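# Tertiary structure, described
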Amino acid sequence: QVQLVESGGGLVQAGGFLRLSCAASGRTFSSYAMGWFRQAPGKEREFVAGINRSGGGTLYADSVKGRFTISRDNAKNTVYMQMNSLKSEDTAVYYCAAAATYSSVSIPTVYDYWGQGTQVTVSS
């Protein structure tokens, strides 16, 4: 069992930045690939970024490539997402998730555990 708790969301102006964190419980964090997803009102949950177990492999949605960076610290059981140059269309609830496999990391059904989410609001 893995419990995930996101933090770091908030209100920021367009062009600003935020750093999201996701703290995981348990001693098996390093055995999971991790992902960030987001869901805006009235829209489906969409993939944002994923990272493999070691942190050496990452994948990004085209909409955030070059602006967002996913990273992890296995010693701290935490995955991060640095979000720069934020746009109004980045406004959403952001979720972190853990998957037993890195393959198909962009697909929500691959993930075994989900956090409760943290709200990110970007004002224009």
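One can find the structure itself at the top, above this paragraph.
First, a word on scope: everything that follows refers to the structure included in this document. (Residues numbered from 1 in each chain as written. Predicted model: local features only at pLDDT ≥ 70, side-chain atom pairs only at ≥ 80, totals over all residues. Heavy atoms only, no water.)

On to the pattern of salt bridges, then. This structure, assessed with the given rule, holds 4 salt bridges. The salt bridge partner of Glu 46 is Arg 38, with a shortest N-O separation of 2.6 Å. Note that Asp 90 and Arg 67 form a salt bridge whose closest N and O atoms lie 2.8 Å from each other. Residue Asp 90 is found in the loop between strand E8 (78–83) and strand E9 (92–99), and its partner Arg 67 is found in the loop between strand E6 (58–60) and strand E7 (68–73); the two are separated by 23 residues along the sequence. Taking the relative accessible area as the measure of exposure, Asp 90 reaches 0% and is therefore buried. Here Arg 67 falls in the buried class, since its relative accessible area comes to 11%. One network of salt bridges, with partners in common, ties together Arg 38, Glu 46, Arg 67 and Asp 90. (Salt bridge = Lys/Arg side-chain N within 4 Å of Asp/Glu carboxyl O. Helix = DSSP H or I, 4+ residues; strand = E, 2+ residues; numbered from the N terminus. Buried < 20%, exposed > 50% of the residue type's maximum accessible area, 1.4 Å probe, protein only.)

This part is about the state of the cysteines. Per the stated rule, a full pass over the model turns up 1 disulfide. A sulfur-sulfur separation of 1.9 Å characterises the disulfide bridge that pairs Cys 22 with Cys 96. Between Cys 22 and Cys 96 the sulfur-sulfur dihedral comes to about 45°; the bridge is accordingly right-handed. Placement of the pair is Cys 22 in strand E3 (residues 18–24) and Cys 96 in strand E9, with a sequence separation of 74 residues. Note on accessibility: Cys 22 and Cys 96 belong to one class, buried. (Disulfide = S-S within 2.5 Å.)

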